[in-house]
Every structure is written in structure tokens, then in C-alpha cells.
Amino acid sequence: QSSCLSAKSPGLVILVQVNPGESFTIQRDDGQFQCITGCRPFSWPLPVAHPVGSQGVPRPAKRYNPSNTHPPHGRAAFAHRDERASKTYERLQKKLKERQGTGGGGGGGMALSKDSPPPSPQKSRGTPPSGGDLQNGLGGKGAEEQAQPSTAVTALGKSPERGKETESGDIQARGVSLSWVAPSRTEGDDEPKEGEEDPAEPSFTYEVSVSYSGKDGKYKSCVCVCVCIFRVQAMCNCLQGIPSEPVSFTTLSCEPDKPSPPRKASGTKSSLVLQWKAPCDNGSKIQNYILQWDEGKGTDTFEQCYYGPQKQYRLTKLSTASRYSFRLAAKNDMGVSEFSEVVHIMTSCSVPAPPLSPELIQSGVTWLCVRWYRPAGSPKEDEISYVLEMEEEGSGYGFQASYDGDDLSHTVRNLHRSTTYRFRVVAYNAEGKSNPSGVSEFTTAPDRPGCPCRLAVKGKPHPTSFRLTWDPPKDNGGSDVTKYVAELSEGFSGCSWNQVYSGSAVECVCDGLSPGCSYQARVHCISAGGESPLTEPLQVQTPPVPPGPCQPPRVIGKPKAREVQLRWAPPLVDGGSAVSSYSVEMFAPQMEEGREVYQGSEVDCTVGSLLPGRTYGFRLRAANKAGYGPFSERSEVTTGPGAPEACRPPHVTCKSPTCAVISWETPSCNGAAVSEYRLEWGAAEGSMQMCYTGAALSHEMRGLLPATNYFCRVQAVNVAGVGPFSDAVLCQTPCSVPAPVSARPLLYSPSTCLGLRWEAPCDHGSEITSYLIDLGERQPILTGPVTKYIIQNLQPDTTYRIRIQALNILGAGPCSHTFKLKTKPLPPLPPRLECTASSHQTLRFKWGEGPAKAQPTDSLQYHLQMEDKSGRFISLYKGPCHTHKVQRLNESTSYAFRIQAFNEAGEGPFSTVYTFTTPRSPPAPLKAPRVERVDESCEVSWETLPPMKGDPVIYCLQSMQGNSEFKQVPTPKCMKYAFCVNGLVLVLTFDVLVSRHICN
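Residues numbered from 1 in each chain as written. Predicted model: local features only at pLDDT ≥ 70, side-chain atom pairs only at ≥ 80, totals over all residues. Heavy atoms only, no water.

With that settled, consider the overall build of the protein. Of the regular secondary structure elements, the protein holds one helix and 74 strands. Taking all 1000 residues of the protein together, the buried fraction comes to 40%. Restricting to contacts in the protein with at least 6 residues of sequence separation, those with at least 24 account for 63%. (Helix = DSSP H or I, 4+ residues; strand = E, 2+ residues; numbered from the N terminus. Buried < 20%, exposed > 50% of the residue type's maximum accessible area, 1.4 Å probe, protein only. Contact = heavy atoms within 4.5 Å.)

Side chains that carry opposite charge are capable of pairing whenever their charged atoms lie near each other. This model, assessed by the stated rule, comprises 24 salt bridges. Two residues, Glu-487 and Arg-522, come together in a salt bridge whose shortest N-O distance is 2.8 Å. Placement of Glu-487 in strand E31 (residues 481-490) and of Arg-522 in strand E34 (residues 518-527) is noted, with a sequence separation of 35 residues between them. The same class applies to Glu-487 as to Arg-522, namely buried. (Salt bridge = Lys/Arg side-chain N within 4 Å of Asp/Glu carboxyl O.)

Attention now goes to the side chain of Ser-921. By the element assignment, Ser-921 lies in the loop between strand E68 (914-917) and strand E69 (930-934). Here Glu-891 takes part through its side chain, which lies 2.3 Å from a polar atom of the side chain of Ser-921. (Polar contact = N/O pair within 3.5 Å; in protein donor to acceptor, adjacent residues only side chain to side chain.)

Now for the sheet that holds strand E45 (residues 651-656). An order of E45-E46-E49 is seen for the three strands of this open sheet, with the pairing classed as antiparallel. Only two strands of the sheet have a single neighbouring strand rather than two, namely E45 and strand E49 (698-702). Neighbouring strand axes in the sheet, compared pairwise and without regard to direction, differ in orientation by 20° on average. Pairing of strand E46 (residues 659-663) with E49, which is carried by five bridges, proceeds in the antiparallel orientation. Residue pairing across strands places Val-661 opposite Glu-700, the latter belonging to E49. (Pairing = 2+ DSSP bridges. Axes fitted to C-alpha atoms, helices over the stretch in contact; angles between N-to-C directions.)

This next bit is on the sheet that holds strand E57 (residues 788-791). Strand order in the open sheet made by the three strands is E53-E54-E57, with antiparallel pairing throughout. Strands at the two margins of the open sheet, each flanked by one partner only, are strand E53 (742-743) and E57. Alignment of strand E54 (residues 754-759) against E57, held across four bridges, turns out to be antiparallel. Looking across to E57, one finds that Gly-755 is bridged to Ile-790.

In this section: unusual backbone geometry. With phi around 60°, Asn-414 is a residue other than glycine that occupies positive phi space. The topology assignment puts Asn-414 in the loop between strand E25 (409-412) and strand E26 (420-429). Judged by its relative accessible area of 75%, Asn-414 falls in the exposed class. With phi around 60°, Arg-888 is a residue other than glycine that occupies positive phi space. Secondary-structure assignment places Arg-888 in the loop between strand E65 (883-886) and strand E66 (894-903). On the basis of relative accessible area, Arg-888 is assigned to the exposed category, the value being 81%.

Okay, a negative patch on the surface next. On the surface, a cluster of negative charge is made up of Glu-383, Asp-404, Asp-406 and Asp-407. Along the chain, the position of Asp-406 falls in the loop between strand E24 (400-405) and E25. Given a relative accessible area of 55%, Asp-406 falls into the exposed group. (Patch = residues over 30% accessible without salt bridge, like charges linked within 9 Å, V, L, I, M, F, W, Y side chains within 5 Å. Areas by Shrake-Rupley, 256 points an atom, 1.4 Å probe, with all protein chains shown as cover. Lys, Arg positive; Asp, Glu negative; His and termini not counted. Charge placed at Lys NZ, Arg CZ, Asp CG, Glu CD.)

Right, here's the structure in full:
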């Protein structure tokens, strides 16, 4: 059944009761139609248009009077109300009565009649729109809107008036648009006082809040709910107004919420019964449910297996122990909800067979790890669980469950040590339990015993042994002790322990020890339960004995002539106490008794006052706090020979300016023959270098410098060492010819000469008198004692091989190395200068043969100069080009020019002076002539020009008849500015041209 209602009068509320499956349509003020289904009963105020006014403030929605209601339909109230719907209906009826009792209305709120069915419960969906998402500032807490009230707040002590009632419009399923009117001016504030200005328009801030528990409930910030009660409050300058009357409304219906997954209610091997709960219908009754499954294929493809209004469904002809996937959706008049989460459900299997007897994996003192196997023949898809039952021997309680789960192994803890337990396993699934398995017996392991007691040393320790004793442990851990183990560690660190005894006795002897050493002893016992903890270490100290014999002393390095340095090592056995001192005895040659030459704690000593080349015997012994030990074996040491004495000063004989012979005599050898001599030679006494080492008594020095002072000295060496040097001897080599000349680069190299420069060589004791320059094929040139010279009259562009030789009174020195020098070519001749173009201000010149633009590789360049007013030539151009343009010249003026060519060889001569004259400049252009008719002739006149530099100006008059060419009109030479042309036909048109030129 459907009905169409229309209500446009203000203050009207229509209560409509619609049976499930029915609907009715209403027309809103904006002309749109809205269909309301009958899935759930509700009362709805007529919708109101919500236009926006000219000032940007929404108009208040129309008010409805809840007292004027339509009578309900003739149908009785729903008889199938559940408890939740009944409570909601009673709460809404109570609110309606309270609102009617307080003066009615609430401005457009929803009124419920006595027989109206309660609205179905709905959930809050989504998040309310923020204040910026609603038009005209409507929205959440803190949104601000600039209003235009009719009056203003004049005093800060007064709060704003109660905000106008809130109106709701454009109600959707999950949203609503609210609007209100700014508060009005209070009485007494209409007119300002005398002398006061009109108060400014106030700026209000609005706060919209919502209540979830009725009109008198607690109001909060806006969220989206199904049944909402709103109110608005104005604020101005931190002053809060009185909240408006609450306004309630109900959101529109929509598709149901996403349902929960179906669950398994019951099932067999080939069937499943699924049940589900109804989701929130969101204002429209759920008509059907859509159940889909994957047909047991295990894919993501679902097929529909049920469509209907029931909340359970039975599936048959299924496979045993198979998994099926299901999902569910709900449908009402508004649409279909989202599908629920996919749920996986298994079909049942048969009762499992009894499993095999459990097995022991590992046993402990207080735990047993037991495992079992899946019953034979059970399918993999069957979900089987297990119950492990245990019975303690002698307890009398029987089998008790100790584990229930899906695992195939379990560790039973908190058991007693050395105790026997009985186990069996029962398997079960959804169909029932199997028979118990066979019984297995397992025994827990015994615990390890406690550590032995009263570990001590029996008797007095000996230097190499002591006896240990101990008592059995107080707790044997449930089994007898089978063995005791004693361990010994040397020192107090306890890093390394060695086993010294293993047996059943309670005492042992520790022998093979070192005297005077510290030891730690500990004992532990072993039983069937394991090893006991170790006892606390017992510290034992053995008494020391005198140290053992030392090794014979040895000589450090080579024995010296009068002293010997000895060194020895500590004894291998110190007797258990650190060595405190050593005693060294010496036996002289042919002496039977020794004497002590050293006593101390060091391991080396130096024995002096000996004779060279003698043999001595030495022995030593060590001592500790127990006393001296035995002497070592005797060692024989022979003293070495002494170093030779200093040689006498050597004798030097000069054979030539570059060669000298040095000789010397053999010194005293001090018991050993001289093996070699060392000769030092140098130009200074403090910087002599070794120049000879050998057994000869003379040496010849070559490559010396003439006229140079040298120093030399000699020393002797034998097996004992190096003797001291002799006194230094000074000698001087004779003078000689000069050294070779070292030439420097040439000073300059023009076309016909070469400038040379060199460094003066060493004169070798005789002053240089002259230099000889060898030019190869030419006659050598002899110069004075100079280091610079210019060779004249050479050929240009020619290479010469030159050597230089220095001379003194002793002769000519060696020539320098040959070096090549080349003269430069002659400078180029000047080219011919030509003027190729000219004007009254410019002259363009050209010279030589070549392109106008220079190439980067051109070596020949040109220098153009011009004579100025003072008669000097100034530079105009310098470069490789062959043309140049001179600008900024005066007209009818003569100028003098000259040109020069140059290259790497130098600058060539200047050319002869060329004179060029600039031409005169033409007169300025004339304006068009003026023509005047005089009877049968015409008079032509024009403006005159002043003379140019004294030259008179002559004018030329031309005329043209029709389209003919211009022809010159005969004019007297004296005519300057006017002329009369006769015989012209008046009906024709003449063109007159005046030209001018300058008389030459």
C-alpha cells in the first residue's frame, strides 16, 4: 500500500504508521519527492526548504506544531516488538510528554503519538563533517559566523541572549544541515546614553552540541547518530549566552551494516547448520540474507547457496572432514550491505581409533618428555585432539589428565625424582573419544648428590706431597655415591685443574709437587644422578728447599783486554722460594783457590783488573731463604788483546796538481797484529771522509784540485779494536791551468752579430789572463779576462759552432762543450703604400700582397704611421693585415704617411713619406623650389646656401614637361636665388628641379 501526502501549512506534524514492506511519499517545500519505506515505524516532520538569504545567512526552517497530528492508520501497533524496541519506544514517549508539558514544541522537533511504533535501533556511522564542510558556518564546536542582529551588546557584564531555536534541513542517512538566527537585542539597550556613540555590531561565535540521552542529558560536540537532539549557544567577547531549545530529528534509512560471519551451529560428516545474527538495519527492515560459499574448492570464487529471510541454513551432501568457506550479506529496501569476513568451517569425521602407546623422548629429575602418534587411518583434515593421562605409582588416585591439546608431545613437570609413572593417551574429535592407548611406564632420573664435606689436609705437608681427606655428602640425591674425584690446581688463580685421584675412598695422597708452591684442592662425587657440586677450594702451601745448581756463567760479547762481562740464568729449580742472591768465584791462571768477585741479586756482573790474553775460570751458586745451593760447573774465559796505539802523523808527497801519495808507519799493536789501516782525507779538518781501508802503509790520492789545501790522518785496527787517530797533517796541491768554461745562454742574436756570456771558471791557483773563442772555420778570437763578448761581422741567418777556453800563465785550460748559435735573418723592406678609397673624412690604404684579413700563422707584420701637426709621426696601425682605414680626417686636407715591416729578425726601415689629400664635401641638400606664375611665364625661387670655405655655390635649374626627362634650363652664371622661365604653356604641368654644385 502506498499513499501520497502533502502538507504546506506551518506548525503541522504528521505521524505515519506503515506496516513492513509498505511505503509512502512526501513532497518537500523545494518540490522534491522523498519516499519513506515501512521497514520501521517513525514520525517525521515535513521537510523544509533551506535557501540562502541575500546576506549569506540561512532562513530559519518552518516550525511544526507537535500537538496537531494526523490520526494513525487503522492498523494496530506492531505485535512483534522486541525488548530493545520497547525500551526505545517508552523512552521517546516519555520525552514527548515532557516536551508537551513544558510549553510544547522545541521548534520543529519530532513528536511521537501514543500508538506510533518505536524506531528501530541504529548505530552511529561515520564521522560528523567538520565545521568547515558545512555551509554558513554550521558544524562542530568552535565554528564562528558573522551575523547581523538587530541590536548590539552595550556592556561586557551582560551575556548574550538565548540563541534562536535551531532548525534542521536537508536530512540524509548520515548527515544533516542545521541553521539558526542570531540573538536579538535585550531591552534597555535599544538607545545609547547621552554623550555615547552608537555601539558597534557584535560578532557572535556559536557552539553546536548534541545530546545522546535526551533533552536533559549531557551535551557533547557533534557526531553522527541516528536520533539526535541538538542545541546552539551564542558567545560574544568571552560571554556565553543561554543555550537554545533542543531540536531532535531522525536520519534517513540506508542499507544494513556489514553482518558478522556465520557460525557453525551443528554438523555431521556430510552436513552443516549455519547460523548468524541480524546486523543493524539502519532504518529499513532486512528482507533477505545472501549466503555464499566456495563449494569446498579452496578458491576465492564464491557461489550463492542461500537467499532468504531466515537466520540459519542447513547444507547437506558435503564431504567428510572437508573445509568450506562462507560469507554473508544482508539486504533491505535501501540496498545490499557489504559481505562479512570469510569464515572457514569443517565437516565432522568419525571417532578416531585408539593411538599407540606413548613413548619416552627424554627424562629428567622432575620431568618426563612423552610423545605419541596420530591414530592410523585418520584423515589429514580431521581435527584430532589428545588427552594424556598419568598415574603415579603407589599414589592410589588412578589415571589423571595432565595434558589436553593438539600437539603430539608433552613435557610433564613437577614430578618426584627416581619415581615410576604410568601414561596412556586418548584421541578425540567432534564425533567423540577413542579408547585409551596401551599403558607405558617411565621413571624419572635421580638427582645429583650433594658435595662432599669437611675437605682438609691430613698431617703436615711435605715439599713434594700432602694427604687429603673428606667426608661423604649429606644428601646422595636418591642413589649411592659410586666415585670420588679429587682435582688439584697450581697457584691461586684456579684457571687449570688436574685430576689427581678417582675412586671410592674418602682420602688420597697428592705427590709429585713442587717445593714452596701454592696449590688449591677440590673434590666432587658421582652417582647415578650425576655429578655433585664442587667443594670450596682448599689452599695448601708446600715448604721450600735450597735452589738447584745454575748453569755456568757465559761471557757477554767479546772479552776485553782488562775486563770481562759475565751473565748467567737463574737456576732451573728455585726450591719453591725466589732466589735472593748469587755468588761468583774467580780462579786466576795457575791458582787452585778461587776468590769471590761478586755477590748480589743481579744476573750479570763485570770483572775488571784483568790482564790481556790471560785465561780465567768462573763459577757461581744461588741462594734463597732455605740457604745456598751447590756451585755450578767452572767456565773458562780468555781476555782479548788491546787496541793498537796511535800512529805517527802521515807523510804527504804531491806528484802533480791532481795527485798525492800518503805514507805512514806501523804503531805498537798491544798484543795483536794490526789487520788494517784507515785513512781519512778532506778539504777541512772537521769534515774528513774515509778514503782508504787496508793493510798497506801508503795510498795514492787522485782527482784532487790544484792549489787546494787538504787534511789527512790515519788509525790502526786489530782484532782488539780500533786505535786512536793520528794528528792531522795539512798539505797543498800545486797550481794548474784553469777549469773548463761553463757557458750561459747568449745575450742577444741580431742579424750580423752574437752576444755571448759565460761564467769565470776556477783559476786553480793562477789568475785567468784571457779567453779564447773558437768559431770553427773562422779564426779563433782572443779576448781579455772578461765574461761577455760580442762577435761582429757575421752572416745573417747562419748557424755557428762555438767553444770557449780559459788561459792563465800556466797554459790553456780545457775547452767548454760545443754549443750552436744562429744569427737572425735581415729585417724585411717596407711595402708600397697605396690609397684605394677616399672621402672628405676617411682614407683607405693598402700595402703588400696578401689577403685583407691576417692569418694566425703570419710572422710578417706592418707598422703604419701618420705625421701630426707638430711634424712627429704617430702610430695608426700595427699588425699583420694588409689594409687599414683612417677616419676622422678633415676635408680637402693633405696628410703624410709612412709604413714599416718587421718580423722575428727585427724592424725594417721606414718607407718614403706618402702624401694624400681628402676631397671637398658636397653642399647640403636644397629644399624644393617655389614656382610663381607671372603672366605667360613662371618665376622659380629657392633658398641660398652660404659659401663653403670661401668657394662660391653655383645652382643648376632643370625642368621637366609632362612625363619627359629633366632638362637643364639655361641660366646666367650670376643668378643666385631666382629665375624667370618664359614660353611655358599654362595648361601643362611642369616639374622644376634645382641642383647645385661648387665651383672648382
